[in-house]
Amino acid sequence: MTWENFKDIRDTMLEMVLSTDMGMHAKIYQTFRRRLNEDKEWGGREDQRLAMSIAIKMADISNCCRPAALYKIWAKNIAAEFYNQGDAEARLGYTISPFMDRRKDKVDFPKGQISFMNYIVVPLFEAGATLLPKMKFSVEEAQKNKQDWLSGNHN
């Protein structure tokens, strides 16, 4: 393998890992939306990396788009993770981060899931389905799961 190939593979891997950082979400998402609106064929290294970044991001947050039975298991696990962090923050005397206070779970967790779906999951998967139309089912599943939270049917 040439040094150039090694560097390209390494740079691509790093970019893919970093694309899951929610701090980078808006930048990557906006770049993808802009690219979708351009009137030219997808191709080239930059397009490949952008498409891979979106695919990794979608995989990273895809649990919201799974059938309800699977999504509910995931939601309970993420809630436990959030509350463990909130418990650690409380023990250290820190302000508990939003959505991580188990004393507020009946209101805050559903609100957090609904917001996450409204502002992150659904827009990302709608954009992804623009490029890959067979992914539309994932948007529909996320909408069903969100509706369960809104109707109080999330136990």
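Each remark here, short or long, concerns the structure printed above.
## Considerations on the pattern of salt bridges
For side chains of opposite charge, pairing can occur when their charged atoms come near one another. Throughout the structure, instances matching the rule amount to 10 salt bridges. The residue Lys-7 makes a salt bridge to Asp-11 at a minimum N-O spacing of 2.9 Å. Of this pair, Lys-7 and Asp-11 are both found in helix 1 (residues 3-18), four residues apart, which corresponds to roughly one turn of the helix. Residue Lys-7 is classed as partly exposed on the basis of its relative accessible area of 41%. Among the ionic pairs, Arg-49 bridges to Asp-8, the shortest N-O distance being 3.0 Å. Here Arg-49, found in helix 3 (residues 44-60), pairs with Asp-8, found in helix 1; they are 41 residues apart in sequence, far enough to count as distant.

## What to know about a nonpolar patch on the surface
Where nonpolar side chains cluster on the molecular surface, the patch consists of Met-1, Trp-3, Phe-6, Ile-9 and Met-13 and spans about 630 Å² of accessible area. Relative to the helices and strands, Ile-9 resides in helix 1. Residue Ile-9 is classed as partly exposed on the basis of its relative accessible area of 40%.

Conventions used here
- Residues numbered from 1 in each chain as written.
- Predicted model: local features only at pLDDT ≥ 70, side-chain atom pairs only at ≥ 80, totals over all residues.
- Heavy atoms only, no water.
- Salt bridge = Lys/Arg side-chain N within 4 Å of Asp/Glu carboxyl O.
- Helix = DSSP H or I, 4+ residues; strand = E, 2+ residues; numbered from the N terminus.
- Buried < 20%, exposed > 50% of the residue type's maximum accessible area, 1.4 Å probe, protein only.
- Patch = residues over 30% accessible without salt bridge, like charges linked within 9 Å, V, L, I, M, F, W, Y side chains within 5 Å.
- Areas by Shrake-Rupley, 256 points an atom, 1.4 Å probe, with all protein chains shown as cover.

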